[in-house]
Amino acid sequence: MTAVDRKSALGRYLRHVISHNRYLQLQGIRSGGKLVQIELDRIYIRLRATRQRMVEAEERWLAQETALAPGEIRRPRQQHSPTMETMTVKVEDALADYPRLVVLGDPGSGKTTLLRYLSLLYARDLAEGSTLLGEKLGLDESGWLPILLPLRQIGAFLATQRPTDDGTEGHAVLLDFLGRSLKGERIELPADFFDPWLTNGKAVILLDGLDEVADPELRRRVSRLTENFTQAYPECRYVVTSRIVGYTGPARLGEGYTTTTVRDFTMADVKQFLTNWHRLLAIGQMGPGESAEAHAAEQTGQLLQAIRANERIRELTINPLMLTVIAMVHRDRVKLPDRRAELYAEAVDVLLGKWEEAKGVPEVSILPGKPFDTGDKRVLLQSLALYMHEQKKKEIDVSGLRQFLEPCFCEIFRVGENSREVERAVTRFVEVVEERTGLLVPRGEGTYAFSHLTFQEYLAALAVGARDDYITYTRGRVPDPWWREVILLEAGYLSTQGKERTTSLIRAIADLKQEPEPYHNLVLAAEYLRDVGSSRVQGNLETEVQHRLRKEFETPPSLLSRWLN
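1. With respect to empty space enclosed by the protein
Part 1 of the reasoning: Following the criterion strictly, the structure yields four cavities of 30 Å³ or more and no others.
Part 2 of the reasoning: Of the pockets and cavities examined, the second largest cavity occupies roughly 40 Å³.
Part 3 of the reasoning: Every residue lining the second largest cavity is listed: Tyr44, Arg46, Leu47, Val91, Glu92, Leu95, Leu114, Tyr117 and Leu137.
Part 4 of the reasoning: When contributions to the lining of the second largest cavity are tallied by element, the ones reaching two or more residues are α4 (91-97) and α5 (111-128).
Part 5 of the reasoning: Looking at the lining of the second largest cavity element by element, the count peaks at three residues for α4.
Part 6 of the reasoning: Taken together, the residues that form the lining of the second largest cavity break down as seven nonpolar, no polar and two charged.

Okay, structure coming up:
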């Protein structure tokens, strides 16, 4: 800090902002046995967003966005109203055009990281007299004060300090919360510290996670407080983030806020992220120099080649969270597994345990006095994924989630229903999986979903493959497109356990008579063989299936079959 006295109130505040937002939230990752801290402004990839121009059509647009699960690549789109224009823009362009912006996106899409990045740039410009905002984002707002507020904590503050809305809540409530939270961090500031920045329109207000205010009534109050604050200080810049599902009804913001959604990564984004990621890891392990640069370039090239070569892996690179998981698997394995089922197994292990272990974070006890490790979490999530897939659901409400989990924990504890111990275990399990694994995430409005549809499909495949009647169960679902990917991953999983079960499954599919269209089952069997590999099945099954397909294609359909079709 050179432009501001470090010991002044402003200096203390800016040091606090910079220190809390300096590093990527994955800090603590180890590389070569060394602790690596990745600087946020050196890894950050600027996001792309959609921009909506016609407010009256937003509700319909948001409803369409809500229906999509992370990982769906062919997304059916309804016709937009001709009065609404949708464009893809850089987030910095949206910021330049709209001083009041709501940024919506799926879990792991980078919403919180965006606010932390903005907070860091504003703080550094003010503290050091730099022009990072102009250089990186094209914003002429150096010298403005960043104020980053987590809306989930504001909701909790209202629930405990002002449990009922008496109609007098105003913008001072947010300032009261801000002062108390900073005091809790031992940052003592004058009572009027923020006043000149706010009244002169020289502050950027960054409000993170509106959807994380779980109670709908509290969320409505937080939205109204945000509007009151905006009315009180209209010249400031405002950026609010939320998951799409949480931004509906009374939670929607008026006061001229424009809504945008974060778009998935492009391959150019993927390449830039991985280039920065591997370079910083190599420097952290080897120190700066040509060797580190060469090693990083080699790692990036290998991983990009693996991603480009496999469409299913490319689907997982949609956002920073998923791409980071893939990069970590690649780092541990030197190269990505050739088979998707093995890649997903490693990714699930990373999300369930290895990530926390690498960061030195202690394991949270779910069952007091009893072990409950990564394998136990996976088995429980497998059952949940299969249950959701059987119901053809991509999300589950919290009451349904608890109703599913309680009998599972009753069996573990060997107790009857309504045990307080069971209820506490269910609550701890949901919290751990949500907050510390990234596999099962809230999508707003008390609803949960797997962070990527692929994980639901993969975990369901594990559950099916573990059944004694796996062949009968699978044969009954072969005609349904909803189960196609699950069965493919089931075959991949079985191929890691031995040849006999894999061969039996694929042969049963090839021999299945009932099919929705000609050659459907043989084509599926051939696809599963291609994914598994001929070395993972017994005998010459691949040659046999290919021969049968060729024979079917060369044989003209009978008169009866042509008449029936």
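Let us keep going from here.
2. Observations regarding the packing of helix α1 (residues 9-21) against α5
Part 1 of the reasoning: At a closest axis distance of 9 Å, the pairing of α1 and α5 adopts a crossing angle of 145°. The two elements α1 and α5 meet at a crossing, and its hand is left-handed. Of the residues in α5, those touching α1 at Leu10, Leu14, Val17, Ile18, His20 and Asn21 are Arg116, Ser119, Leu120, Ala123, Arg124, Leu126 and Ala127.
Part 2 of the reasoning: Among the residues forming the contact of α1 with α5, the class breakdown is eight nonpolar, three polar and two charged.

3. Some words on the side chain of Asp211
Part 1 of the reasoning: By the element assignment, Asp211 lies in the loop between β7 (203-208) and α10 (216-232).
Part 2 of the reasoning: Since its relative accessible area comes to 6%, Asp211 is described here as buried.
Part 3 of the reasoning: Those residues in contact with Asp211, other than ones at most four positions away along the chain, are Arg219, Ser242, Arg243 and Gly246.

4. Some points on the packing of aromatic side chains
Part 1 of the reasoning: All chains considered together, the criterion is met by 12 aromatic pairs.
Part 2 of the reasoning: Arranged with centres 6.1 Å apart and planes meeting at 80°, the rings of Tyr473 and Trp483 form a pair that is edge-to-face. Here Trp483 lies in the loop between α20 (470-475) and α21 (484-495) and Tyr473 lies in helix α20, a separation of 10 residues in the sequence.
Part 3 of the reasoning: Assessed through its relative accessible area of 5%, Trp483 is described here as buried.
Part 4 of the reasoning: Among the aromatic side chains, those forming a connected cluster through ring pairs are Tyr13, Phe193 and Phe194.
Part 5 of the reasoning: The residue whose ring lies beneath Arg477 is Tyr473, and the NZ or CZ to ring-centre distance is 3.6 Å.
Part 6 of the reasoning: The ring of Tyr470 is capped by Arg501, whose NZ or CZ atom sits 4.2 Å from the centre of that ring.

5. Some details on unusual backbone geometry
Part 1 of the reasoning: A positive phi angle, close to 65°, is found at Arg186, a residue other than glycine.
Part 2 of the reasoning: Among the structural elements, Arg186 can be located in the loop between α8 (172-184) and α9 (195-199).
Part 3 of the reasoning: Overall, Arg186 belongs to the exposed group, its relative accessible area being 76%.

Definitions and cut-offs
Residues numbered from 1 in each chain as written. Predicted model: local features only at pLDDT ≥ 70, side-chain atom pairs only at ≥ 80, totals over all residues. Heavy atoms only, no water. 1 Å grid on protein atoms, 1.4 Å probe; cavity = no way out; pocket = protein on both sides within 12 Å on 5 of 7 lines; lining within 4 Å. Points joined across faces, edges and corners; volume = space filled by probe spheres on them. Helix = DSSP H or I, 4+ residues; strand = E, 2+ residues; numbered from the N terminus. Nonpolar A, V, L, I, M, F, W, Y, C, P; charged D, E, K, R; others polar. Axes fitted to C-alpha atoms, helices over the stretch in contact; angles between N-to-C directions. Left-handed = near helix turned anticlockwise from the far one by under 90°. Contact = heavy atoms within 4.5 Å. Buried < 20%, exposed > 50% of the residue type's maximum accessible area, 1.4 Å probe, protein only. Phe/Tyr/Trp six-rings, centres within 6.5 Å; stacked < 30°, edge-to-face > 60°. Lys NZ or Arg CZ within 6 Å of the ring centre and 35° of its normal.

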